[in-house]
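Summary of structural features
Residue-level listing of the chains:
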Amino acid sequence: MTMTSSRLAIHGGEPVRTTPIGQWPEFGREEEELLLAALRSGKWGSLDGTYVDEFERAFAEFQAAKFAVTTVNATMGLAVAYKAIGLGPGDEVVVPAYTFIATASAALMIGAIPVFADVDPETLLISPESMDAAITPRTKALVPVHHGGSPVDMDAVMAVARRRGLRVVEDAAQAHGAAWRGRPVGAIGDVGVFSHQSSKMLTAGEGGTMVTNDPEIDELLWSYRNVGRRRGGEWYEHVRLGWNLRMTEFQAAVLLAQLQRFPEQQARRTAAAGYLTERLREIPGVVPLEVPSGVTAHSWYTYHWRWLGARQGGLDKFAFADALRAEGVPVLHGYVPINRNEAVRAEIKRLGGAEPAACPAAEKADAEEILAFSSPILMAAETDLDDVLRAVEKVARYRP
Ligand SMILES: Cc1ncc(COP(=O)(O)O)c(C=O)c1O
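Residue numbers run consecutively from 1 along every chain, following the written order of its sequence. Reporting in this predicted model follows two pLDDT cut-offs: at least 70 for local features of residues, and 80 or more for side-chain atom pairs to be given and counted; totals over whole chains, interfaces and linings ignore these cut-offs and use all residues.

**Notes on the packing of helix H3 (residues 51-62) against helix H9 (residues 249-280)**
Note the cut-off: For every element, the axis is a line fit to its C-alpha atoms; helices are fit only across the contacting stretch, and the angle between N-to-C directions ranges from 0 to 180 degrees. Numbering of helices and strands runs from the N terminus, with a helix taken as a DSSP run of H or I at least four residues long and a strand as a DSSP run of E at least two residues long. Should the near helix be turned anticlockwise from the far one by less than a right angle, the crossing is left-handed, and should it be turned clockwise, the crossing is right-handed. It is the C-beta atoms, placed from the backbone, that decide contacts: two residues are in contact if theirs lie within 7 Å. Under the convention adopted here, Pro, Cys and the residues Ala, Val, Leu, Ile, Met, Phe, Trp and Tyr are nonpolar, Asp, Glu, Lys and Arg are charged, and Gly plus all remaining residues are polar.
For the pair H3 and H9, the least separation of the axes is 8 Å and the interaxial angle reads 35 degrees. Classified by chirality, the crossing of H9 by H3 is left-handed. Contacts from Tyr51, Val52, Glu54, Phe55, Ala58, Phe59 and Phe62 in H3 reach Glu249, Ala252, Ala253, Leu255, Leu256 and Leu259 in H9. Its residues assigned to classes, the contact of H3 with H9 shows 11 nonpolar, no polar and two charged.

**Quick word on the site of the ligand**
Using the following cut-off: We count a residue as near a molecule or strand when its backbone-placed C-beta atom lies within 6 Å of that partner.
Around the ligand sit 14 residues, and of these Asn73, Ala74, Thr75, Ala173 and Ser195 come closest. Secondary-structure elements contributing two or more residues to the shell around the ligand are helix H4 (74-84) and helix H5 (102-109). Residue composition of the shell around the ligand, by class: five nonpolar, eight polar and one charged.

**So, the environment of Cys359**
Examined against the element boundaries, Cys359 turns out to sit in the loop between helix H11 (342-350) and helix H12 (360-369). Along the sequence, Cys359 and Ser130 sit 229 residues apart, while their C-alpha atoms lie 9.1 Å from each other. Ignoring any residue separated from it by four or fewer positions in sequence, one finds Cys359 in contact with Ala97, Phe116, Asp118, Pro337 and Asn339.

**A closer look at the domain arrangement of the chain**
How big an interface is tends to be expressed through the accessible area that disappears when the partners come together. Note the threshold: Where each domain starts and ends follows an automatic or database-derived domain assignment.
Domain assignment breaks the chain into domain 1 (3-16 + 261-397) and domain 2 (29-258). Look at where the C-alpha atoms of domain 1 and domain 2 centre, and you get two points 26 Å apart. Across the contact, 38 residues belong to domain 1 and 38 residues belong to domain 2. Elements supplying a minimum of two residues to the side of domain 1 that touches domain 2: H9, strand S11 (295-297), H11 and H12. Residues of the side of domain 1 that touches domain 2, tallied by class, amount to 21 nonpolar, 13 polar and four charged.

**So, the nonpolar core**
In plain terms, the rule: Think of a nonpolar core as buried Ala, Val, Leu, Ile, Met, Phe, Trp, Tyr and Cys residues chained together by C-beta atoms that fall within 7 Å. Around each residue's C-beta, the other C-beta atoms within 10 Å are counted; 20 or more make the residue buried, 12 or fewer make it exposed, and counts in between make it partly exposed. All C-beta atoms are placed from the backbone.
Core analysis: the largest hydrophobic core is formed by 127 residues, its most contacted members being Ala81 and Tyr82. Summarising the domain contributions, this core has at least three residues from each of domain 1 (3-16 + 261-397) and domain 2 (29-258). The residues contacting Ala81, other than those within four sequence positions of it, are Val169, Val191, Val193, Met210 and Leu221.

**Describing helix H8 (residues 215-225)**
Taken residue by residue, H8 has Ile217, Asp218, Leu220, Leu221, Ser223, Tyr224 and Arg225 as its buried positions. On its buried face, H8 is in contact with strand S1 (67-71), H4, strand S8 (191-195) and strand S9 (208-212). Downstream of H8 by one or two residues, Val227 has phi in the positive range, about 55 degrees.

**Comments concerning unusual backbone geometry**
Residue Pro25 is reached from Trp24 by a cis peptide bond, and omega for that bond is 0 degrees. Following the sequence through the fold, Pro25 ends up in the loop between helix H1 (3-11) and helix H2 (29-41). Residues other than glycine seldom take positive phi values, yet Arg181 does so here, at roughly 45 degrees. Within the element layout of this structure, Arg181 appears in the loop between strand S6 (179-180) and strand S7 (183-184). Although it is not a glycine, Val227 sits at a positive phi angle of roughly 55 degrees. With 16 C-beta atoms packed within 10 Å, Val227 lands in the partly exposed category.

In structure tokens form, the structure reads like this:
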């Protein structure tokens, strides 16, 4: 904790909140029954059991995709998706600077080079203009990230992809149940990847699912995550190099139960986000992120907002976050832009890629403005959200 926040704790009186806010994950009898059934079946792997197949069918339908292929996590899902669209050593992919490192590291894992596009400061989503400007003759694919669960403008992305002859991989790790102009994300582009890691809204602790409408990509996704086998082939027939990246039956059993809960949870998160936006707007210096008008369903994985009050003599964003935590409200700083990550930059250099360009909007978001609430707060009751709002208001009023 910084000096500023400990001063605030003294001058600010009692913390607004002394008990945890919200709970994640939520589970009950359905998860217990399905997990036990998977256990008692004695078929714990997807090669023998039925839960993975069943979840893949259910999730494909849920995201309005023709095919879904599960895997161990979204990081490996992205690497497999990149391979399935034909990405290889030296090929470039355009990714936003403001994202989780896996969007880029999965490309680097297969020798492909991420090129960073900046984000729109009002939405934190990849800017179509910056994406277009990042394309070079070596570019093979665009990777929109549906950050926080908000779909990127997929009309704009697909228009650029068509015009420039590029593939599209949607990083939908955070965007289960999200839709752009009524179309669920994931299979709007060539292939999309979802995460089931423990913070995600459709979780089994770990896991990932890739979706596509293209039967050839589906076959490749299946093959890469099954040690390069082919469907219907022999056990030791490896037609390409792949890996064992299969999800277990236990994960799929939990995911099937979680999928049943999802629509009601998404509706609760949407209501919570609406309430936060309405009330946060009333606090001077606090500006909730814009949601693009084409977003017809938002996952609300995280809720980001801009703190602009430092310019009017308020705390800087890091001291603001410390002070909020001292009030009992968990808050995140958001991402450190990955174009600035030393490990990413070193690997790009080693592979012969160009030095990553500056991305001023992403860097400003990190250095000065962005704070975020995560899923437990979005799952909380309105009275808990009132505590969150009271704490934000208290800290926003404070002048060091
Ligand atoms: C945008 C984004 N992409 C990829 C991933 C990687 O997902 P996983 O943790 O399942 O590997 C994450 C996980 O947080 C993410 O947020």
